[in-house]
Number of protein chains: 2
Amino acid sequence: MGTLKDLGESGIIQMLRALTRERMPGLALGIGDDCAMFSFYDDAYYYLVSTDMLMERVHFNVGQMTPYQLGLRSLAVNLSDIAAMGGTPIASFLSLALPPHLDESWIKGFSDGYAYLTNLHHTALLGGDTVRSNGDIVVSVTILGKVLKGDEKIRSAAQSGDLIVVSGTLGDSCAGRLIADERNRRIEAHGTEVQTHLLQRYYEPSPRLALGQALSKIPGVHAMMDISDGLVSDLPKILSLSHVDATIQLDKLPISEELEAECSMRTKWSSETMAVTGGEDYELLFTISEGDLDQLPEPDRKSGIPPLTVIGRVGSMQGDEPVIHWERKKRHVTRGFRPYNHFR
Amino acid sequence: MGTLKDLGESGIIQMLRALTRERMPGLALGIGDDCAMFSFYDDAYYYLVSTDMLMERVHFNVGQMTPYQLGLRSLAVNLSDIAAMGGTPIASFLSLALPPHLDESWIKGFSDGYAYLTNLHHTALLGGDTVRSNGDIVVSVTILGKVLKGDEKIRSAAQSGDLIVVSGTLGDSCAGRLIADERNRRIEAHGTEVQTHLLQRYYEPSPRLALGQALSKIPGVHAMMDISDGLVSDLPKILSLSHVDATIQLDKLPISEELEAECSMRTKWSSETMAVTGGEDYELLFTISEGDLDQLPEPDRKSGIPPLTVIGRVGSMQGDEPVIHWERKKRHVTRGFRPYNHFR
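These numbers come from a predicted model, not from an experiment.

Analysis parameters
- Residues numbered from 1 in each chain as written.
- Chains lettered and ligands numbered in written order.
- Predicted model: local features only at pLDDT ≥ 70, side-chain atom pairs only at ≥ 80, totals over all residues.
- Heavy atoms only, no water.
- Buried < 20%, exposed > 50% of the residue type's maximum accessible area, 1.4 Å probe, protein only.
- Helix = DSSP H or I, 4+ residues; strand = E, 2+ residues; numbered from the N terminus.
- Arc of directions from axis to C-beta.
- Contact = heavy atoms within 4.5 Å.
- Pairing = 2+ DSSP bridges.
- Axes fitted to C-alpha atoms, helices over the stretch in contact; angles between N-to-C directions.
- Buried area = accessible area lost by both parts, 1.4 Å probe.
- Salt bridge = Lys/Arg side-chain N within 4 Å of Asp/Glu carboxyl O.
- Polar contact = N/O pair within 3.5 Å; in protein donor to acceptor, adjacent residues only side chain to side chain.
- Nonpolar A, V, L, I, M, F, W, Y, C, P; charged D, E, K, R; others polar.
- Least-squares fit on C-alpha atoms with pLDDT ≥ 70 in both.
- Phe/Tyr/Trp six-rings, centres within 6.5 Å; stacked < 30°, edge-to-face > 60°.
- Parallel < 35°, antiparallel > 145°, perpendicular 65-115°, else oblique.
- Left-handed = near helix turned anticlockwise from the far one by under 90°.
- Disulfide = S-S within 2.5 Å.
- Core = buried A, V, L, I, M, F, W, Y, C linked by side-chain atoms within 4.5 Å.
- Domains from an automatic or database assignment.

## Concerning helix α8 (residues 257-264) of chain B
Residues and elements named next belong to chain B. When we look at burial in α8, the residues that qualify are Leu-259, Glu-262 and Cys-263. Each buried residue of α8 lies within a common arc of 100 degrees when the element is viewed along its axis, so the set occupies one face. Of the exposed residues in α8, those oriented more than 90 degrees away from the buried face are Glu-257 and Ser-264. Next to the buried residues of α8 lie α4 (172-183), α5 (193-203) and α9 (271-277).

Here it is in structure tokens:
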């Protein structure tokens, strides 16, 4: 037997799934989507649960991210999973492992950041656990949400012929992380306006709840998920579960002016590569039947709806495994990408 | 401002509570009991959520506990919180932070242990997260359960005059941990039969679900919780929330033959001290009106009902703060105990 490097996250999940039950009355979706989904009795809603763990020196560095940003981000990534189902958050549960030498002001900053998104999205903090750590800080958040039955958007519902749409811009968070790594930099530190923007997109992602809820009301929107690992890692999850292929127009990828500006200053940075492989944008990725495109909501800063961009199309599956065909200006491009293995 | 050593777990929780909302429609209990409790619409049930984090080198040592035992224990401590409300578990969510060098057989063992209790108690594993750790292993479990409205047993319901009852025996787990620490010992390692028993009580706690559910049907059972931090730390939680005092008869504490035997071999070990201060027994602690004592279930190994012991009585609160009066053979004993601060 090998180590976790070989097994990877999906191997671990498969092992656990093989051994445990995954049944309960009212269960609609178990492991494998953004959230688990179930209903109680003849309630009008499905309830959604998702959980994420953030690990020091893997997902964040205390020298870079302020406690406020870490608190905000810990909830944001979970809210994004609720958004990805078209749901509304109800309550969260927060567990923290903290080293005893940590300053009291650290927990105050963290709490402020966590509270900001808790209060903004009208969720309740209902429980958790606080334990001592001898080393790294660990944050684990579990979120409970709901969605009206019939409005839920799941990964396995993409249909051949659907257009593929993404919200906001891609790759900003990846650039922000690289900038932060380069100089151990926080938002507060000096830098160009462009860099400040990219750092903020990394440190303070905006969960697309308003958009997710708007899309949940459009029957023509079929499959949906959020982009946490990057387009090249996440889109195949929709394709596998829906048994379809996809064609992506690389020249249509929504790339921010800021990312373009930063990349133009650096010979080794490609905005296209960042938009395809960079994770942690927490934008929504969904498929929609072409005839329903006019139902998509207009961008509206006030209600938090970002611009939407059609980046490709779903096709029927040609081989045994789903494939992404990459095109630029409608011409085929050969690109080799590998899904990211966190344990490598 | 000080560090977390000074602030402690309750300080952290207070800070978070002051900053965040703790309201949602249908909320019956937020932070402060074994589980959060809420209902959806006019459903007959309350839903229960609890979450616990286990940290390497704080809650377990990989050299001592087998992966199987850690997997089992991770779920057991959460199931115990559901038992403490009189509830039935429905589903769990498991997050793991694991170092990449970990052997595949480790995760297989962990999964087997987790699956054992999952399947035994008919719960479903519905989701989680798997992340890389650069150091310690972290396990975070969130559990969802339910209890028929009216059957829930909470901490704040103790009444003056109630008898105080505890299930099983106290202090075994504490002794087991000390034995394990002494010689870096696992259950498999050589040792006396007595030591094997005590180690097992530490490594493989039995969540008292059958007992909790039986007690939930007895209206005369008022307050209930599980003993995770030790009687001296946990009983005051019931007393504070119920605004009552308590008298505990030290000579009535249920102490196992095994613990007595082990203590008789060691000059510095006191079974009484272990029973009062030792944590992690995961037994149930509850109060019951004297007239309903005959309704308590008989011990039954097959259905998993342990023996029950009356150890004291609830009294009305005399001062500003709740007090535990310790007695031995009905005579007052002066004992000074301090609640444990994990960050010290």
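## With respect to the sheet that holds strand β3 (residues 45-55) of chain B
Residues and elements named next belong to chain B. Strand order in this open sheet of six strands is β1-β2-β3-β6-β4-β5, and the pairing throughout is mixed. The outermost strands of the open sheet, each flanked by one partner alone, are β1 (27-29) and β5 (124-132). Sheet twist, expressed as the mean angle between neighbouring strand axes with direction ignored, is 20 degrees. Here eight bridges tie strand β4 (residues 88-98) to β5, and the two strands are oriented parallel to one another. In the strand pairing of β5, Ala-91 is matched with Ala-124. Sheet contacts for helix α3 (residues 104-120): β4, β5 and β6 (138-148); angle to β4, the most-contacted strand, approximately 165 degrees.

## Comments concerning the pairing of strand β3 (residues 45-55) of chain A
Residue and element names in this part refer to chain A. Within β3, 10 of the 11 residues are buried, which leaves it mostly tucked inside the rest of the structure. Here strand β2 (residues 36-38) runs beside β3; their pairing, made up of three bridges, is antiparallel. Bridge pairing in β3 places Ala-36 opposite Val-49. Across 11 bridges, β3 lies against strand β6 (residues 138-148) in antiparallel orientation.

## Remarks on the interface of chain A and chain B
Taken residue by residue, the interface counts 80 residues in chain A and 80 residues in chain B. Summed over both sides, the interface of chain A with chain B buries roughly 7,100 Å², with 67% coming from carbon and sulfur. Run the count over chain A and chain B and you get zero salt bridges. Across the chain A-chain B interface, the total number found is seven residue pairs in polar contact (both at pLDDT 80 or more). Secondary-structure elements contributing two or more residues to the side of chain A that touches chain B are α1 (4-19), β2, β3, β4 (88-98), α3 (104-120), β5 (124-132) and β6 of chain A. For the side of chain A that touches chain B, a count of residues per class yields 40 nonpolar, 23 polar and 17 charged.

## Focus on the relation of the copies chain A and chain B
Of the transformation placing chain A onto chain B, the axial shift is 0.0 Å and the rotation is 180 degrees, giving an RMSD of 0.0 Å. What the rotation and shift describe, once combined, is the action of a two-fold rotation axis. The share of interface residues of chain A whose copies in chain B are also at the interface is 100%, consistent with both copies meeting through the same surface.

## Re the packing of aromatic side chains
Residue and element names in this part refer to chain B. Counted by the stated rule, this structure contains six aromatic pairs over all chains. Between Trp-106 and Phe-110, the ring centres sit 5.5 Å apart and the planes meet at 15 degrees, which makes this aromatic pair stacked. Pair noted here: Trp-106 and Phe-110 are both in helix α3, with a separation of four residues, about one helical turn. According to the relative accessible area criterion, Trp-106 is buried, its value standing at 9%.

## Let's talk about the packing of helix α5 (residues 193-203) of chain A against helix α8 (residues 257-264) of chain A
Residues and elements named next belong to chain A. Look at α5 against α8: their axes get within 9 Å of each other, and the N-to-C directions meet at 120 degrees. For the element pair α5 / α8, the angle class is oblique. The two elements α5 and α8 cross, and the hand of that crossing is left-handed. In this structure, α5 uses Val-194, Gln-195, His-197 and Leu-198 to contact α8, whose residues at the interface are Glu-258, Leu-259, Ala-261 and Glu-262. Looking at the contact of α5 with α8 residue by residue, the classes come out as four nonpolar, two polar and two charged.

## Considerations on unusual backbone geometry
Across residues other than glycine, the phi torsion is negative in most instances, and most of the peptide bonds are trans. Residue and element names in this part refer to chain A. The phi torsion at Glu-280 lies on the positive side, around 70 degrees, for a residue other than glycine. Even without a glycine there, the phi angle at Lys-329 is positive, about 50 degrees. Of the residues examined, Lys-329 reaches a relative accessible area of 66% and is grouped as exposed.

## Re the state of the cysteines
A full pass over the atoms with the stated rule returns zero disulfides over all chains. A disulfide-free cysteine, Cys263(A) has its sulfur positioned 8.8 Å from the sulfur of Cys174(A), the nearest such atom.

## A closer look at the nonpolar core
Side chains of a nonpolar character, in soluble globular proteins, are inclined to be buried together. Among the nonpolar cores identified, the biggest contains 63 residues, and Leu94(A), Leu98(A), Ile107(A), Val139(A) and Leu215(A) are the most heavily contacted of them. The dominant element in this core, judged by the number of residues it contributes, is helix α2 (residues 67-83) of chain A, at seven residues. In this structure Leu215(A) touches Lys153(A), Val221(A), Met224(A), Leu284(A), Phe286(A), Leu296(A) and Pro297(A), once residues within four positions along its chain are discounted. Grouped together as the second largest cluster of nonpolar side chains are 62 residues, Tyr46(B), Met65(B), Met224(B) and Leu284(B) included.

## With respect to the domain arrangement of chain A
Residue and element names in this part refer to chain A. Segmenting chain A into domains produces domain 1 (4-148) and domain 2 (155-333). Domain 1 puts 29 residues into the contact, and the matching count from domain 2 is 26 residues. Three residues stand out in domain 1 for area buried against domain 2, namely Gln-64, Gln-69 and Arg-73, and they jointly supply 28% of the buried area on that side. On inspection of domain 1 and its partner domain 2, the count reaches three salt bridges. Between domain 1 and domain 2 we count nine residue pairs in polar contact (both at pLDDT 80 or more) in total. Listed by contribution, the elements that provide at least two residues to the side of domain 1 that touches domain 2 are α2 and β4. Here the side of domain 1 that touches domain 2 takes 10 residues from α2, the largest share from any one element.

## Re the packing of helix α4 (residues 172-183) of chain A against α5(A)
Residue and element names in this part refer to chain A. Following both chains from N to C, one finds α4 and α5 inclined at 105 degrees, their axes separated by 7 Å at the closest point. With respect to α5, the element α4 is oriented roughly perpendicular. Residue-level inspection shows Asp-172, Ser-173, Ala-175, Gly-176, Arg-177, Ile-179, Ala-180 and Arg-183 of α4 in contact with α5, the latter providing Gln-195, His-197, Leu-198, Leu-199, Arg-201, Tyr-202 and Tyr-203. Split into classes, the residues belonging to the contact of α4 with α5 amount to seven nonpolar, four polar and four charged.

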